[in-house]
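Structural overview for review
Okay, here's what each chain looks like letter by letter:
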Amino acid sequence: MGFRLLGIRQASSNSRQAASKSVQVPKGYLAVYVGEEQKRFVIPISYLNQPSFQDLLSQAEEEFGYDHPMGALTIPCNEDVFQHTTSCLKGKYI
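First, a word on scope: everything that follows refers to the structure included in this document. (Residues numbered from 1 in each chain as written. Predicted model: local features only at pLDDT ≥ 70, side-chain atom pairs only at ≥ 80, totals over all residues. Heavy atoms only, no water.)

**Quick notes on helix 1 (residues 51-64)**
Cut-off, in case you're wondering: Going along the chain from the N terminus, every DSSP run of H or I of four or more residues is numbered as a helix, and every run of E of two or more is numbered as a strand. Expected span of a helix, by definition, is 1.5 Å for each gap between consecutive residues, and there is one gap fewer than residues. Any residue under 20% of the maximum accessible area for its type is buried, any over 50% is exposed, and the rest in between are partly exposed; the area is computed with a 1.4 Å probe on protein chains only. Directions pointing from the helix axis toward each C-beta atom define the arc.
Its 14 residues place the ends of helix 1 20 Å apart at the C-alpha level, agreeing with the 20 Å of an ideal helix rising 1.5 Å per residue. Of the positions making up helix 1, those classed as buried are Phe53, Leu56, Leu57 and Ala60. Down the axis of helix 1, the sector holding all buried residues measures 100 degrees, keeping them to one side. In helix 1, those exposed residues whose orientation departs by more than 90 degrees from the buried face are Pro51, Asp55 and Glu62. A positive backbone phi angle near 65 degrees is found at Gly65, which sits one or two residues after helix 1.

As structure tokens, then:
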């Protein structure tokens with residue numbers, strides 16, 4: 001599975017559309033948007049290799065292909081599911 005991430009953008013505080021300025025994300029991390037509210041999360045890129053996170057990436061690929069409306073990776077799952085998945089992964093990297 002290959003994902004190309006062309007740019008990471010921040011959502012406007014007044015709307016869900018992507019802002020025109022790139023946002024600083026720490027080296028080794030990735031910004032993603034999750035759920036109906038398009039909440040922004042910054043996650044370690046090491047999560048991308050984990051099978052449970054790859055399931056979420058597959059959902060994103062099925063939903064959006066490689067055209068993500070927020071200008072960054074958008075994951076079309078419930079925020080609770082995303083937070084549960086990432087909390088399980090946090091235990092592996094602490």
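Moving on from the coordinates now.
**Let's talk about the sheet that holds strand 4 (residues 39-44)**
Within a sheet, neighbouring strands are paired by backbone hydrogen bonds and run either parallel or antiparallel to one another. For the record, the criterion: A strand pair is defined by DSSP finding two or more bridges across the two strands. Angles run from 0 to 180 degrees between N-to-C directions of axes, and those axes are lines fitted to C-alpha atoms, restricted for helices to the stretch in contact. The contact rule is simple, with two residues in contact once any of their heavy atoms fall within 4.5 Å.
Taken in spatial order, the three strands line up as 4-3-5 in an open sheet, and their pairing is mixed. Whereas interior strands pair on both sides, the edge strands pair on one side only; in this sheet they are strand 4 and strand 5 (73-75). When the angles between neighbouring strand axes are averaged without regard to direction, this sheet yields 40 degrees. The pairing of strand 3 (residues 29-34) with strand 5 spans three bridges and is classified as parallel. When the sheet's bridge partners are listed, Tyr33 is paired in strand 5 with Thr74. Running over the sheet, helix 1 touches strand 4 and strand 5 and is turned about 100 degrees from strand 5.

**Quick word on the packing of aromatic side chains**
Each aromatic ring pair is specified by the distance between its two centres and by the angle formed by the two planes. Worth spelling out the cut-off: In this analysis, rings of Phe, Tyr and Trp, with Trp reduced to its six-membered ring, are considered paired at centre separations within 6.5 Å, and the interplanar angle assigns stacked below 30 degrees, edge-to-face beyond 60, and tilted for intermediate values.
Enumeration over the complete set of coordinates arrives at three aromatic pairs. Consider the rings of Tyr47 and Phe53, whose centres lie 6.3 Å apart with planes at 55 degrees: the pair is tilted. No difference in accessibility class separates Tyr47 from Phe53, as the two residues are buried. With 6.1 Å between their ring centres and 65 degrees between their planes, Phe53 and Phe82 make a pair best called edge-to-face. Taken together, the residues Phe53 in helix 1 and Phe82 in helix 2 (residues 79-93) connect sequence positions 29 residues apart. For Phe53, a relative accessible area of 0% corresponds to the buried category. An aromatic cluster of at least three residues, connected via ring pairs, comprises Phe41, Tyr47, Phe53 and Phe82.

**What about the nonpolar core?**
Heads up, the condition is: Think of a nonpolar core as a cluster: buried Ala, Val, Leu, Ile, Met, Phe, Trp, Tyr and Cys residues, connected wherever their side-chain atoms sit within 4.5 Å.
Residues Val32, Val34, Ile43, Phe53, Leu73, Ile75 and Phe82 are the most contacted members of the largest nonpolar core, which totals 15 residues. Of all the secondary-structure elements, those providing two or more residues to this core are strand 3, strand 4, helix 1, strand 5 and helix 2. Here the element with the most residues in this core is helix 1; it accounts for four residues. Apart from the residues within four sequence positions on either side, Ile43 is in contact with Gly28, Tyr29, Leu30, Val32, Phe53, Phe82 and Thr86.

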